[in-house]
Amino acid sequence: EQASGPKKVGKGEKCNGSLPPQFATLCEDGLTCSNSGMPGASGVCTEEQASGPKRVGKGETCNGSLPPQFATLCEDGLTCSNSGMPGASGVCTEEQASGPKRVGK
C-alpha cells in the first residue's frame, strides 16, 4: 500500500509541493524547495538560506520593495539607485553626500 501523503526528498532532489498530496514532493527538514518562482513549478531541494534580505555590493541589482526573503539591499555605504518607479529594481552605487543645503542666513 502506498503512502497517501506527500513524499519527503533530500538535498539536490526535485521537489514540488503544489501538486495533490499523493504526488507532492516536499524537502526534508532543514531544506527548502528553490524554484523559478513560477507558481506550480518544480524546484530542487537546497539548504535553507537566512530568511531576511540579501546584502549586495556596488554595481549589483537591488530591490528593497520585495518581501524580506526576496529583497536585495545594498551593503553599508551604498544606496539603491533606480528609475524612481515604485517597486523597480535598481543598482547599488556609492552614497552621495545629501545633507540639507544652507542658503544664506
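Residues numbered from 1 in each chain as written. Predicted model: local features only at pLDDT ≥ 70, side-chain atom pairs only at ≥ 80, totals over all residues. Heavy atoms only, no water.

Visitor: So what exactly am I meant to see when it comes to the sheet that holds strand β4 (residues 31-34) here?
Guide: Strand pairing in a sheet takes place through backbone hydrogen bonds and is either antiparallel or parallel in direction. Reading across from one edge, β2-β5-β4 is the order of the 3 strands in this open sheet, with antiparallel pairing throughout. Each edge of the open sheet carries a strand with a single partner, namely β2 (14-15) and β4. Direction of pairing for β4 relative to strand β5 (residues 43-47): antiparallel, over a ladder of 4 bridges. Across the sheet, residue Leu31 finds its bridge partner in β5, namely Glu47. (Pairing = 2+ DSSP bridges. Helix = DSSP H or I, 4+ residues; strand = E, 2+ residues; numbered from the N terminus.)

Visitor: When you look at the side chain of Asn16 in this model, what are you seeing that I'm missing?
Guide: With respect to the helices and strands, the residue Asn16 is situated in the loop between β2 and β3 (25-27). From its side chain, Asn16 meets the backbone oxygen of Gly40 in a polar contact 3.0 Å long. Residues contacting Asn16, with those up to four places away along its chain left out, are Ala24, Thr25, Cys33, Gly40, Ala41 and Ser42. (Polar contact = N/O pair within 3.5 Å; in protein donor to acceptor, adjacent residues only side chain to side chain. Contact = heavy atoms within 4.5 Å.)

Visitor: Could you clarify how one ought to interpret a negative patch on the surface in this entry?
Guide: Taken together, the side chains of Glu60, Glu75, Asp76 and Glu95 make up a negatively charged region of the molecular surface. Locating Glu60 in the fold gives a position in the loop between β6 (54-56) and β7 (61-62). (Patch = residues over 30% accessible without salt bridge, like charges linked within 9 Å, V, L, I, M, F, W, Y side chains within 5 Å. Areas by Shrake-Rupley, 256 points an atom, 1.4 Å probe, with all protein chains shown as cover. Salt bridge = Lys/Arg side-chain N within 4 Å of Asp/Glu carboxyl O. Lys, Arg positive; Asp, Glu negative; His and termini not counted. Charge placed at Lys NZ, Arg CZ, Asp CG, Glu CD.)

Visitor: Even after reading the chapter, I still don't get the state of the cysteines, so can you show me in this structure?
Guide: In a disulfide, the sulfur atoms of two cysteines are held together by a covalent bond. Counted according to the given criterion, the structure contains 4 disulfides. One disulfide bridge connects Cys15 with Cys33, the sulfur atoms lying 2.0 Å from each other. As the torsion about the S-S bond is roughly 95 degrees, the Cys15-Cys33 disulfide counts as right-handed. Taken together, the residues span a long stretch of sequence, with Cys15 in strand β2 and Cys33 in strand β4 at a distance of 18 residues. For Cys15, a relative accessible area of 0% gives the class buried. Judged by its relative accessible area of 32%, Cys33 is partly exposed. (Disulfide = S-S within 2.5 Å. Buried < 20%, exposed > 50% of the residue type's maximum accessible area, 1.4 Å probe, protein only.)

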